[in-house]
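# Results of the structural survey
Here is how the chains run, residue by residue.
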Amino acid sequence: MSTTTLSADNRLHYYTTPGAQPYLLDTSTEYEILSLDIDPNTSTAYATLSTSQRILVFDWQGLVEKEYAILPRAPQEYDLAVDGSGQLYAYMSEKGRYLTGPWVDRYLLKLILPQAKAELIESYPFKGSRPTGSLVAEPDGTLWLLLMPEGQLLRIPQEGKIEVFAQNLPVGTAGLAVNLYGDIFLTTPGGVYRFYRSEGP
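A few points on the structure.

Procedures and definitions
Residues numbered from 1 in each chain as written. Predicted model: local features only at pLDDT ≥ 70, side-chain atom pairs only at ≥ 80, totals over all residues. Heavy atoms only, no water. Pairing = 2+ DSSP bridges. Helix = DSSP H or I, 4+ residues; strand = E, 2+ residues; numbered from the N terminus. Axes fitted to C-alpha atoms, helices over the stretch in contact; angles between N-to-C directions. Salt bridge = Lys/Arg side-chain N within 4 Å of Asp/Glu carboxyl O. Buried < 20%, exposed > 50% of the residue type's maximum accessible area, 1.4 Å probe, protein only. Core = buried A, V, L, I, M, F, W, Y, C linked by side-chain atoms within 4.5 Å. Contact = heavy atoms within 4.5 Å. Phe/Tyr/Trp six-rings, centres within 6.5 Å; stacked < 30°, edge-to-face > 60°.

### What about the sheet that holds strand β8 (residues 75–82)?
- The four strands lie next to each other as β8-β9-β11-β12, forming an open sheet whose pairing is antiparallel. Looking along the sheet, the strands with just one partner apiece sit at the ends: β8 and β12 (117–123). Neighbouring strand axes in the sheet, compared pairwise and without regard to direction, differ in orientation by 30 degrees on average.
- Summarising the sheet, strand β9 (residues 88–94) and strand β11 (residues 106–112) pair through six bridges and their orientation is antiparallel.

What follows is the structure in structure tokens.
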């Protein structure tokens, strides 16, 4: 199974098999990458930038394309997620009032890159400043969105209502991941939490 990773020295590497010699794709400091996600079927890597609304597309040979989506506002946070069909989604918070408030607009978006569009799924205005969020997608298109400091984990299915899956999460919860069995992992100052949703290992 191939893997793309962002190493501690800000380099993107592509591994054809576990333990194999990696290929260097690019040095991320050239782009100031904010987030990175991998198409589970093609291993194409998508990365967002801290300096623009462009999305960089990498394969195992390196940068292959620069895509673009017109966002509701200039982003402070811009977290990508790609599902099993290759559809891209994004969570973003606005840059303009992020540090000062009194309100910060946050959006969950479906990205239509061929048309440079960002379709609104839901908005999450926050009273205050410096909110954080993290987004992941399951292969079937189910989205998971972590909103802090509210301490909420939301499940957003392709059809049906958005539900609060967990709340009152610890202060400082930041990382979010989902495995192939649908189990949810969260990183907190006290360690890694796992929500078991199946009979996987």
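Having put the structure on the table, let's press on.
### Observations regarding the pattern of salt bridges
- Per the counting criterion, the structure on display carries seven salt bridges.
- One salt bridge in this structure joins Asp105 and Arg73, with 3.2 Å as the shortest N-O distance. Highlighted residues: Asp105 in the loop between β10 (103–104) and β11 and Arg73 in the loop between β7 (62–68) and β8, separated in sequence by 32 residues.
- The class for Arg73 is partly exposed, based on a relative accessible area of 36%.
- One salt bridge connects Glu94 with Arg97, and the closest N-O pair in it is separated by 2.8 Å.
- On the accessibility criterion, Glu94 (3% relative accessible area) is buried.
- Arg97 sits in the partly exposed class, given a relative accessible area of 29%.

### As for the nonpolar core
- Ranked by internal contacts, the top residues of the largest apolar core, which has 15 residues, are Ile55, Tyr78, Leu80, Leu88 and Leu111.
- Counting only elements with at least two residues in this core, the list comes to β6 (54–59), β8, β9 and β11.
- Leave out the neighbours within four places in its chain, and Leu88 touches Tyr46, Ile55, Leu80, Ala81, Val82, Lys110, Leu111 and Leu113.
- Grouped together as the second largest cluster of nonpolar side chains are 12 residues, Ala81, Leu143, Leu145 and Leu147 included.

### Observations regarding the sheet that holds strand β4 (residues 33–38)
- Spatially, four strands are ordered β4-β5-β6-β7 in an open sheet, and the strand pairing comes out antiparallel. Each edge of the open sheet carries a strand with a single partner, namely β4 and β7. Pairwise comparison of adjacent strand axes, ignoring direction, gives a mean angle of 25 degrees for this sheet.
- The pairing of strand β5 (residues 45–49) with β6 spans four bridges and is antiparallel. Each residue of the ladder has a partner; that of Thr48, found in β6, is Ile55.

### Describing the pairing of strand β17 (residues 163–166)
- In this sheet, β17 lies alongside strand β16 (residues 152–156) in antiparallel orientation, the contact comprising three bridges. Each bridged residue has a counterpart across the sheet, and for Leu154 the counterpart in β17 is Val164.

### A look at the packing of aromatic side chains
- Taken as a whole and judged by the stated rule, the model has two aromatic pairs.
- On the numbers, 4.9 Å between centres and 85 degrees between planes, the contact of Trp144 with Phe165 is edge-to-face. Of this pair, Trp144 sits in strand β15 (residues 143–148) while Phe165 sits in strand β17, and the two are 21 residues apart along the sequence.
- Residue classification places Trp144 among the buried positions, given a relative accessible area of 0%.
- The partly exposed category is assigned to Phe165, whose relative accessible area is 30%.
- A centroid spacing of 5.6 Å and a plane angle of 75 degrees characterise the contact between Phe165 and Phe195, whose relative ring orientation is edge-to-face.

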